[in-house]
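# Inside the fold
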Amino acid sequence: MDCSLCNGYQVSAYDYRGYNQGKAAVCKSCYEEVKNMLNLMNKDKKEDAAATNWGTKDATKWIEEAKNREEEYIKHISVLDVAFKEGSYSDIQVKPGNGPSIPAHRFLLATTSEVFKTMLASDQCKSAPIDSVSLPEFNHEELEAFLEFLYCGKLAKEKFDIHFYSLALAADKYVIPHLQSYCEHHILKLLDSSNALKILEISEICSNEILKVAALKFILSHTKEIYFSPSVVEFARQNPHLMVDILRAHSDRET
């Protein structure tokens, strides 16, 4: 069963019973978005003492106000986007594992991740002759995509599709909740035969049960395509425990 809102995720791969209520099945991501929207609407309603008849007219007004707030937010984000692309007033260099470093801003790194905040506050960083921090797990292009997300809060689809693996691992390593949610939501949308094993690997590293269940379900439904793919041998060699999980899932399915 697919999510009735985004159509990009098989709801049966997630325990959706609490969200269905006999009406419409939705995935966790969509459910959380709808819940947040309703909470905001109810908050506005409570704060407006004159709103005694909350209906379509009020909802339309709320949507227009929310749209205006979003436009203001986009203007604010665009300033950060320009600062990132131009390197304006940057005060730190971020070094990838290979390729040139990228200028960034300490305040943004520190406010988006407690891990970065600790790194930047360390004596080692303070005593370095050049204000810099190394993130050797990234190549230059991956680091650029990662920093762009930190500045803008989103990425172009084509860029995310290329770098989703490194972004998901970085979101987990540096404990960046917004990027973790973003990766989960968009990785579920791009799950297919070419990347199901890689997504299963991500789910294990990041301890993401939603990704793991979705990847296993997809693998069991596309065994011929995946088991005879060039990547399966290397995957099995590097992840024997995950191959055991796949075999056990097969067994559970057959019983």
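In this report, the structure presented in the accompanying data block is examined. Predicted model, so just to flag it, every value in this text is computed and none were measured.

## Comments concerning the overall build of the chain
Along the chain, the regular secondary structure elements total 14 helices and three strands. A separation of at least 24 residues holds for 55% of the contacts in the chain among residues at least 6 apart in sequence. For the chain, the computed accessible surface area is about 15400 Å², with 54% contributed by carbon and sulfur atoms.

## Regarding the environment of Asp-161
Here Asp-161 lies in helix H8 (residues 157-173). Put simply, Asp-161 and Leu-190 are 29 residues apart on the chain and 7.6 Å apart in space, counted from C-alpha to C-alpha. Within the structure, Asp-161 has its side chain in polar contact with the side chain of Lys-157 (distance 2.6 Å).

## Considering the sheet that holds strand S2 (residues 102-104)
Strands sit in the order S2-S1-S3 across an open sheet of three strands; the sheet is mixed. Pairing within the sheet leaves two strands with one partner each, and these edge strands are S2 and strand S3 (132-139). For this sheet, the mean inter-axis angle between neighbouring strands, taken without regard to orientation, is 30°. Bridge count between strand S1 (residues 92-98) and S2: three bridges; the pairing is antiparallel. By the bridge assignment, Gln-93 is partnered in S2 with Pro-103. In the packing of helix H7 (residues 140-152) onto the sheet, contacts are made with S1, S2 and S3, and the angle to S3 comes to roughly 115°.

## Focus: the state of the cysteines
Going through the model one piece at a time under the given rule, you end up with zero disulfides. The thiol of Cys-183 is not disulfide-bonded; the next cysteine sulfur, from Cys-206, is found 8.1 Å away.

## Some thoughts on the pattern of salt bridges
Tallied over the full model, the rule gives seven salt bridges. The salt bridge partner of Arg-106 is Asp-131, with a shortest N-O separation of 3.3 Å. In this pair, Arg-106 is assigned in helix H4 (residues 106-112) and Asp-131 in the loop between helix H6 (123-127) and S3, connecting sequence segments 25 residues apart. As a salt-bridge pair, Glu-137 and Lys-173 come within 3.5 Å of each other at their nearest N and O atoms. Of this pair, Glu-137 sits in strand S3 while Lys-173 sits in helix H8, placing them 36 residues apart in sequence. Note on Glu-137: relative accessible area 33%, which makes it partly exposed. Residue Lys-173 is classed as partly exposed on the basis of its relative accessible area of 48%. By sharing partners, the salt bridges in this structure join Glu-204, Lys-212 and Asp-245 into a single network.

## Overview of the side chain of Glu-142
Relative to the elements of secondary structure, Glu-142 occurs in helix H7. Despite being buried, Glu-142 has no salt bridge partner; Lys-198 is the closest side chain of opposite charge, sitting 8.4 Å away. Among all residues touching Glu-142, those that are not within four sequence positions of it are Glu-137, His-163 and Ser-166.

## Thoughts on the side chain of Asp-245
On the secondary structure map, Asp-245 appears in helix H14 (residues 240-254). The class of Asp-245 is buried, set by a relative accessible area of 18%. What Asp-245 contacts, discounting residues up to four positions off in sequence, is Lys-212 and Leu-216.

## Some words on the layout of surface pockets
A probe as big as a water molecule, rolled over the atoms, marks out the empty space that is left. Here the second largest pocket defines a volume of roughly 220 Å³. Considering the residues around the second largest pocket, the lining is formed by 15 residues, among which Leu-197, Lys-198, Glu-201, Ser-231 and Phe-235 are closest to the centre. Looking at the lining of the second largest pocket, the elements that each hand over two or more residues are helix H10 (196-205) and helix H13 (232-238). Tallying contributions element by element places H10 first for the lining of the second largest pocket, with four residues. For the lining of the second largest pocket, the per-class residue count stands at five nonpolar, seven polar and three charged.

## Notes on the packing of aromatic side chains
Counting across every chain of the model gives six aromatic pairs. Here the aromatic residues Phe-116, Phe-138, Phe-146 and Tyr-174 are joined through ring pairs into a cluster of three or more. Lying over the aromatic face of Tyr-165, Lys-198 brings its terminal NZ or CZ to 5.6 Å of the ring centre.

## Observations concerning the pairing of S1
Regular strands place side chains that alternate from one sheet face to the opposite one. Counted between consecutive antiparallel strands, the loop separating S1 from S2 contains three residues, among which Gly-99 sits at a positive phi close to 95°. Sheet topology note: the S1/S3 ladder contains five bridges and is parallel. Counted as the bridge partner of Lys-95 is Ser-134 from S3.

Procedures and definitions
- Residues numbered from 1 in each chain as written.
- Predicted model: local features only at pLDDT ≥ 70, side-chain atom pairs only at ≥ 80, totals over all residues.
- Heavy atoms only, no water.
- Helix = DSSP H or I, 4+ residues; strand = E, 2+ residues; numbered from the N terminus.
- Contact = heavy atoms within 4.5 Å.
- Areas by Shrake-Rupley, 256 points an atom, 1.4 Å probe, with all protein chains shown as cover.
- Polar contact = N/O pair within 3.5 Å; in protein donor to acceptor, adjacent residues only side chain to side chain.
- Pairing = 2+ DSSP bridges.
- Axes fitted to C-alpha atoms, helices over the stretch in contact; angles between N-to-C directions.
- Disulfide = S-S within 2.5 Å.
- Salt bridge = Lys/Arg side-chain N within 4 Å of Asp/Glu carboxyl O.
- Buried < 20%, exposed > 50% of the residue type's maximum accessible area, 1.4 Å probe, protein only.
- Lys, Arg positive; Asp, Glu negative; His and termini not counted.
- 1 Å grid on protein atoms, 1.4 Å probe; cavity = no way out; pocket = protein on both sides within 12 Å on 5 of 7 lines; lining within 4 Å.
- Points joined across faces, edges and corners; volume = space filled by probe spheres on them.
- Nonpolar A, V, L, I, M, F, W, Y, C, P; charged D, E, K, R; others polar.
- Phe/Tyr/Trp six-rings, centres within 6.5 Å; stacked < 30°, edge-to-face > 60°.
- Lys NZ or Arg CZ within 6 Å of the ring centre and 35° of its normal.

By themselves, these figures tell us nothing about what the structure is for.
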